[in-house]
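# Observations on chain architecture
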Amino acid sequence: MSVVKMTGIVKRFGAVLANDHVDLELEAGEIHALLGENGAGKTTLMNVLSGLYAPDEGEITVNGQRCHIDSPRKALALGIGMVHQHFMLAAPLTVAENIVLGMKTSRSPLLGLADAEARIRQLSEKYHLQVDPKAYIWQLSAGERQRVEILKLLYREANILILDEPTAVLTPGEAGEMYQVLWEMTKQGHTVVLISHKLEEVTAWASRITVLRDGRVVDTVKGNVGRPELARMMVGREVLFQYERTAQTPGEVVLSLQHVSARGAKGTLAVQDVSLDVRRGEIVGIAGVAGNGQSELTDAIAGLLHVESGRITLAGRDITNSTPDSITRQGLGYVPEDRQETGLLLEMSVAENLILKEHDRAPFARRSTLNAPAIRENAEQLVQAYGIRVPAITAPVDYLSGGNQQKVVLAREFGLEPQLMVAAQPTRGLDVGATESVRKLLLEGRQSQRSQMAILLISTELEEILGLSDRILVMFGGRIVYEVDAARADPEAIGLAMAGEDVIC
Amino acid sequence: MLAKLGKTAQPWRDWLVQFGMALLAVALALLVGAVIILLMGESPVAAYRAILYGAFGNINNLSETVVKAAPLVLAGAGLAIAYRANMWNIGAEGQIYVGGMAAICVGLYLGDLPAVIVLPLAALAGFIGGALWAGIAGILKVRLGIDEVINTIMLNYIAALGVNWLIHGPLKDPAAGFPRTAMIPINAQLPILIPRTRLHLGVVMAIVLAVLLQWILWRTSLGYRIRAVGQNKTAARYGGINVGRTMMIAMLISGGMAGLAGMNQTNGLHFRMLQDISGGIGFTAIAVALLAGNQPIATLLSGFILAALDVGANAMQIRAHVPIEVVKIIQGLVILFVVGREYFNRRILARRRSLAERQEHEEKRRAETAGLESAS
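Not measured: the values here are computed from a predicted model. (Residues numbered from 1 in each chain as written. Chains lettered and ligands numbered in written order. Predicted model: local features only at pLDDT ≥ 70, side-chain atom pairs only at ≥ 80, totals over all residues.)

In terms of nonpolar packing, the biggest core is built from 190 residues, with A:Leu420, A:Val422, A:Leu456, A:Leu457, B:Leu74, B:Ala75 and B:Ala250 touching the most fellow members. It is helix α4 (residues 59-84) of chain B that contributes the most residues to this core, 14 residues altogether. A:Leu420 has contacts with A:Val254, A:Leu255, A:Val278, A:Leu314, A:Gly331, A:Leu332, A:Gly333, A:Met453, A:Ala454 and A:Leu456, leaving out every residue within four places of it along the chain. (Core = buried A, V, L, I, M, F, W, Y, C linked by C-beta atoms within 7 Å. Buried ≥ 20, exposed ≤ 12 C-beta atoms within 10 Å, placed from the backbone. Helix = DSSP H or I, 4+ residues; strand = E, 2+ residues; numbered from the N terminus. Contact = placed C-beta atoms within 7 Å.)

With that settled, consider the environment of A:Pro72. All names here are of chain A. By the element assignment, proline 72 lies in helix α2 (residues 72-77). On a C-alpha basis, the gap between proline 72 and glutamate 352 in space is 43 Å, while along the polypeptide they are 280 residues apart. Excluding residues that lie within four positions of it along the chain, proline 72 makes contacts with Ser50, Gly51 and Leu52.

On to the domain arrangement of chain A. Residue and element names in this part refer to chain A. By domain assignment, chain A separates into domain 1 (2-235) and domain 2 (253-331 + 418-498). Inter-centroid distance (C-alpha atoms) of domain 1 to domain 2 is 36 Å. Contact with domain 1, which involves seven residues of that partner, is made by six residues of domain 2. For the side of domain 1 that touches domain 2, the secondary structure elements donating two or more residues are α6 (172-187) and α8 (227-235). Tallied by class, the residues present in the side of domain 1 that touches domain 2 amount to three nonpolar, three polar and one charged. (Domains from an automatic or database assignment. Nonpolar A, V, L, I, M, F, W, Y, C, P; charged D, E, K, R; others polar.)

Going from A:Ala362 to A:Pro363, the amide bond is cis rather than trans, its omega being 5°. Along the chain, A:Pro363 falls in the loop between α12 (350-353) and β17 (365-366). Phi is positive for A:Gln425, which is not a glycine, with a value near 50°. Within the secondary structure, A:Gln425 is located in the loop between β19 (420-424) and α15 (432-447). The backbone of B:Arg196 shows a phi angle near 65°, a positive value even though the residue is not glycine. Assignment of secondary structure puts B:Arg196 in the loop between α7 (148-168) and α8 (202-219). You can call B:Arg196 exposed: it has 9 C-beta atoms within 10 Å.

A few words on the sheet that holds strand β20 (residues 454-458) of chain A. Across a sheet, strands are paired by hydrogen bonds formed along the backbone, either parallel or antiparallel in direction. Residues and elements named next belong to chain A. With mixed pairing, six strands are arranged side by side in an open sheet as β16-β19-β20-β13-β21-β22. Each edge of the open sheet is held by one strand with a lone partner, namely β16 (332-335) and β22 (479-485). Going from strand to strand, the sheet's axes swing by 15° on average, the running direction of each strand aside. Sheet strands touched by helix α9 (residues 294-302): β13 (283-287), β16, β19, β20 and β21 (471-476). Its angle to β19, the strand with the most contacts, is close to 150°. Taken strand by strand, helix α14 (residues 402-415) contacts β16 and β19, and its axis lies near 170° from that of β16. (Pairing = 2+ DSSP bridges. Axes fitted to C-alpha atoms, helices over the stretch in contact; angles between N-to-C directions.)

So this is what it looks like as structure tokens:
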């Protein structure tokens, strides 16, 4: 039987129809996935259900009763609660303090924390959501914080839980655990709504899937539909999961690491004794769960992290612990994992961002004086070549959407015409269309007669690694634990290696 | 020349908006000041008219305002550079003392040399003195990560009291009963530009340097690095910029400019080192930089405005019986509204971004419908 029924929901933001007559029915005890590209209207729809937005049209019935949900408080009273993509927890407070935040207790005006802690313990045992109620939020990992968010809803006796991109911040291990917990909660009568654009997760765990595109419902289907089918529904056209790769023999070694070790921010050896080669005209993919030393490895190559021992050579020259600038001159292009924090100067203009690595050399600077015409020309040319949508090349990068920001980074790094391109998570957070164009760009870099780059691709998405790489390495605990030619790659073995199992090559 | 200055980076429209916002801040502060004067039972019209007269009423008053503005512009333009690099130098006051003292020493010991030699030497000494004083806080920040705000504030006291000791002790004018140095010879004094006023060469120095710093900030690779580092250290480092060196350079420039402001006071006005010779110029300069939106060239205007308020305050007290302190309140309010401006800037930004995303969304949709239509 249906616990929630949303009919004809319309939500407008100015001229944009975020939800266009959306119908959605939730059944008791199901995991219902809302699938769609960025901007398809999934989150908006759930914000309507959880009382954050008032719909312009349409009605909502909960347990057969027509409701007017005008605040999150009211939604919670009806048993509907939402965990947002960005956690809403106060870091200096404890778990218990966060959970009771904003609630009246029987001991008011006292907090009655002891009572709360006892109840939190009960709940966390019942639902296998292990977390210490006395721990401070800042001490917790992303996975634990997520549990606190879920507990917060259970504490308020919500039985319809909405989770927005719950695994975006989790490691695959934590994600699996979380889904297990959600699964068990549905057994106890809870209903779970899952907002996601990750096909694998959705097909693995959802009992029903509603696909949204451009604010409209495409269809609601059973959870056992094939992934290509779902992808087609999401984007409205066939998605290339197979990329055109020309067969080519890789050339000479461009990047070579020999027994490289480096310490991460926590002072532990994040990269341990890593040796690898990348040749001209090949893509070497490093698979692995996030946090296994990949970012430290790429930072060490780029000169941003001190190499403790070992040797790195680029195009025949030793670049171990050289300055980032001299490594760039030696032929490195680097698309960093975090484009907003590392890759871009958000408040500076598109044109200025495009010369970040070359601002001090000709033609952009002559005797330390910036050459405005050359800078403008460069920007106009790159903006056109890479199809970057900008209001003006003088506009701050901050004004651009996420996909276009990533294009600025890519245009700059490819524009360097480097011998080696290190691309760390180049498609993270991008929608299907943008993802595809980034992947094409990488393949072009590998194949085009002119460039024939050596490419080191870091990705946590196995599908991306499998689709693009010539050779695949797996990183676990700071080491390369597995290596295989893409032609003979077995996804299962790679998956095991990613999980730290011993796999015989 | 001016039209070309900002061309690479910021569209003129943004500059105009910034300029309008700054004027709005001043206008709001004057408005609130008027209410305060009303509440005191005096006439705001009379008070403001008195300020205007005091600051601009005749050639003498106007020249006094310009003379007052010069050190504010020098120190303020320098601070703008430091703030662009995200180095919060609050120590211009101390750097003024050290720079002034260094310049005076050149005058005392080398003042017999021709003016064309001794004046550049004094200016150089002033710049280096201020730069070194700022450099202490700079190096502590860059090497050890110690907060420059605290250090520059503390160094203010050390500088002012150190100078006090010098003029009470080793450098005391033996002929005077007060704590002050001897007078520097005429060759070491900044020449007067208009007879019968105190308008000296330092004013020209301030204008030239404000323009120069503007040019450096927007049209040189050093300026690019300063802005990049101030914006995002991580990205700057990733881009190959030596972050520590850049922060240090920005700090040295701002200290040096404050030092020149000191030299401006010692060699341009008083011709000796006195106690409290700065009297808060280094702090007002912070307001000058902020009101200028950290654009060195705009300190010419913001420095002039704040100087006019200061100079006009006396006339206001005498003619309109409104205490000088009201002007201090108005200056404080200017800062408050300038800082409040940030809030509006952020709102404008947020609106533009959502607009960009909306347009993109619409275009995508239109493209898709077009595709569907041509397919069918």
